[in-house]
Amino acid sequence: MNPTTDSATPLAAPPRSPSRPRMHRAWIVAAVTFVTIIGGAAFNSLPGLLIDPLHTEFGWSRGEIGLAVSIDMALYGLTAPFAAALMDRFGIRRVVVVALSAVAAGALASVWMTAAWQLMLYWGLLVGLGTGSMAMAFSATVTHRWFVARRGLVSGILTAAGASGQLVFLPLCAWIVDRHGWRPASVTVALAALVVVPFVWLLMRDHPADVGLAPYGGTYVEKPAPAKGAATRTLRVLADAARTGPFWLLAGTFAICGASTNGLIRTHFVPSAHDHGMPITAAASLLAVIGVFDVIGTVFSGWLTDRFDARRLLAVYYALRGVSLLFLPMLLGPSVHPPMVFFIVFYGLDWVATVPPTMALCREQYGEDSAIVFGWVLASHQVGAALVAFLGGVARDVFGSYDVVWYAAGALCASAALMALVIRRAPQDGLVAQ
């Protein structure tokens, strides 16, 4: 039996007649993907909120807690390229349902942990594998299969889903942690992951041909046979891409992107602000505001990516991000003031605006393998995030403040801007650039 066949729909039905529904099914699939990413992203709201409570309750150092977060982030990235290949083999629905279940299991199990190694097992291993299977490679796969027109816009919208999850869950989890402790917050994000499962199973479809449609803005194509040897294919694509210059430049810039967002701001902004006397709930609310403007900035970046050179967009984004980080240590204080609000709005607009142009450059350079290549580029993003999540905690333990981390991240962003500018265009015949 074909493992990706939907029993309710034909594998490769002929295109439907011209009397098509007003809304193309691709937009429904995109909406389900958006909600799924929100549910999976709920857990990402927790680490920055729990560093101080776990340190207080168990006496674990910030470096130990940061190590657990770094394992989660690293596995998130390293799982992504294999998840893209597994989706080709077993179908999007099956992979995502298993991933959501893993996130829920890890979050629930953490309620009963008593040792740091359990934190690393539940948060690091289970949640890392689960969230990695719903990483941006998931968005790239859905965008590549279901859309020909509006790919930049859709990739921006789906990328913004992670920020939307932060917007929804961060203030809620901060309130729960402040009033009821960290365990009810962990249960909350586990339930959020489980609630999404029925939507995925009932509404998600693996390919437009499953419902007899052409991709949005494209022509009808037969559903390809399941790609066997997912792991072998993933490693082969990596080996091929690694022989090209653009891959290393994209991986390098995206590693810095992860270091300066998930690894730095998402993990260490709340405890850093708390060091300066700001209440945890206020700092978490500022992160939620980043989520609001992240949605706006990422969708706008997708629109720009459809119209302008992706390399130049990346250079501008990283340069502006680096400048803003250099000013942050001067802005932190016990209360929220206008310059801090300006930083939050500015940083939110830039947070993952880098994703649509990075996806576009992967498609331009690597064609049909672009989702898997982007998965490997995302792995570098998470490795960068993991390093800073860990080293940021160590720096706080050693120096007593986060200032050196902010300055180092600003310098890294400046180097990413230069790297983006030297990425060469792909040949017109679609072959991978050398």
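Just above, that's the structure.
Quick caveat: nothing in here was measured; it's all calculated off a predicted structure. (Residues numbered from 1 in each chain as written. Predicted model: local features only at pLDDT ≥ 70, side-chain atom pairs only at ≥ 80, totals over all residues. Heavy atoms only, no water.)

A. Structural context of the overall build of the chain. Within the chain, the secondary structure is distributed over 17 helices and zero strands. Residues classed as buried in the chain amount to 58% of the 434 residues present. Considering only residue pairs separated by 6 or more positions, the chain has 84% of its internal contacts joining residues 24 or more positions apart. Of the roughly 16600 Å² of accessible surface on the chain, a fraction of 70% belongs to carbon and sulfur atoms. (Helix = DSSP H or I, 4+ residues; strand = E, 2+ residues; numbered from the N terminus. Buried < 20%, exposed > 50% of the residue type's maximum accessible area, 1.4 Å probe, protein only. Contact = heavy atoms within 4.5 Å. Areas by Shrake-Rupley, 256 points an atom, 1.4 Å probe, with all protein chains shown as cover.)

B. Expanded view of the pattern of salt bridges. Inspection of every chain in the model, using the stated rule, returns seven salt bridges. For Asp 240, the salt bridge is made with Arg 236, and the minimal N-O distance between the two is 3.6 Å. With Asp 240 and Arg 236 both in helix H9 (residues 230–241) and four residues apart, the pair spans about one turn of that helix. The class of Asp 240 is partly exposed, set by a relative accessible area of 33%. (Salt bridge = Lys/Arg side-chain N within 4 Å of Asp/Glu carboxyl O.)

C. Inspection of the packing of helix H3 (residues 62–90) against helix H16 (residues 370–399) at higher detail. Packing of H3 against H16 brings their axes to within 7 Å, and their N-to-C directions diverge by 180°. It follows that H3 is roughly antiparallel to H16 by the angle criterion. Residue composition of the contact of H3 with H16, by class: 21 nonpolar, seven polar and three charged. (Axes fitted to C-alpha atoms, helices over the stretch in contact; angles between N-to-C directions. Parallel < 35°, antiparallel > 145°, perpendicular 65-115°, else oblique. Nonpolar A, V, L, I, M, F, W, Y, C, P; charged D, E, K, R; others polar.)

D. Expanded view of helix H12 (residues 280–305). The end-to-end C-alpha distance of H12, which contains 26 residues, comes to 36 Å, matching closely the 38 Å that a straight helix rising 1.5 Å per residue would cover. Taken as a whole, H12 carries its principal kink of about 25° at Phe 293. (Expected span 1.5 Å × (residues − 1). Bend = angle between axes of the 7 residues up to and from the residue.)

E. Here's a closer look at the environment of Ala 109. By the secondary structure assignment, Ala 109 is in helix H4 (residues 92–109). Sequence spacing of Ala 109 and Ser 186 is 77 residues, and the spatial spacing of their C-alpha atoms is 9.1 Å.

F. A look at the side chain of Ser 260. Mapped onto the elements of the fold, Ser 260 is located in helix H10 (residues 245–260). Reaching out from Ser 260, the side chain makes a polar contact with the backbone oxygen of Ile 256 at a distance of 2.8 Å. Setting aside residues up to four positions removed in sequence, Ser 260 forms contacts with Ile 265, Arg 321, Leu 325, Tyr 347 and Cys 413. (Polar contact = N/O pair within 3.5 Å; in protein donor to acceptor, adjacent residues only side chain to side chain.)

G. Looking closely at the nonpolar core. Residues Leu 54, Phe 138, Ile 265, Phe 269 and Met 340 are the most contacted members of the largest nonpolar core, which totals 125 residues. No other element matches the 13 residues that H16 contributes to this core. Not counting residues within four places of it along the chain, the set of residues in contact with Phe 138 comprises Thr 33, Thr 36, Ile 37, Met 87, Ile 92, Val 96, Ser 133 and Met 204. (Core = buried A, V, L, I, M, F, W, Y, C linked by side-chain atoms within 4.5 Å.)

H. Spotlight on empty space enclosed by the protein. A full pass over the atoms with the stated rule returns four cavities of 30 Å³ or more. Of the voids in this model, the second largest cavity is the one considered here, and its volume is about 70 Å³. Lining the second largest cavity we find Ala 140, His 144, Met 359, Cys 362, Arg 363, Ser 370, Ala 371 and Phe 374. Those elements that provide at least two residues to the lining of the second largest cavity are helix H6 (136–146), helix H15 (355–366) and H16. Looking at side-chain class alone, the lining of the second largest cavity contains five nonpolar, two polar and one charged residues. (1 Å grid on protein atoms, 1.4 Å probe; cavity = no way out; pocket = protein on both sides within 12 Å on 5 of 7 lines; lining within 4 Å. Points joined across faces, edges and corners; volume = space filled by probe spheres on them.)

I. Quick peek at the environment of Thr 261. When you line up the elements, Thr 261 lands in the loop between H10 and helix H11 (262–275). On a C-alpha basis, the gap between Thr 261 and Asp 350 in space is 9.8 Å, while along the polypeptide they are 89 residues apart. Leaving out residues up to four positions away in the same chain, Thr 261 has contacts with Arg 266, Arg 321, Tyr 347, Trp 351 and His 381. Among the polar contacts made by the side chain of Thr 261, one reaches the main-chain carbonyl oxygen of Cys 257 at a distance of 2.7 Å.

J. Main features of the packing of H11 against H16. Remark: H11 packs on H16, axes separated minimally by 7 Å, with the N-to-C direction vectors making an angle of 25°. When the interaxial angle is binned, H11 and H16 end up roughly parallel. Mapping the contact onto sequence places Asn 262, Gly 263, Leu 264, Thr 267, His 268 and Asp 275 in H11 and His 381, Gln 382, Ala 385, Val 388, Ala 389, Gly 392, Gly 393 and Arg 396 in H16.

K. The layout of surface pockets, seen in detail. Space inside the largest pocket adds up to approximately 610 Å³. Lining the largest pocket are 26 residues, and of these His 144, Arg 145, His 207, Pro 224 and Glu 368 sit closest to its centre. Counting only elements with at least two residues in the lining of the largest pocket, the list comes to H3, H6 and H16. A per-class count over the lining of the largest pocket returns 11 nonpolar, six polar and nine charged. Taken together, 14 residues make up the lining of the second largest pocket; nearest its centre are Ala 259, Val 388, Leu 391, Ala 408 and Leu 412. Of all the secondary-structure elements, those providing two or more residues to the lining of the second largest pocket are H10, H16 and helix H17 (403–421). The greatest single-element share of the lining of the second largest pocket, amounting to six residues, is contributed by H16.

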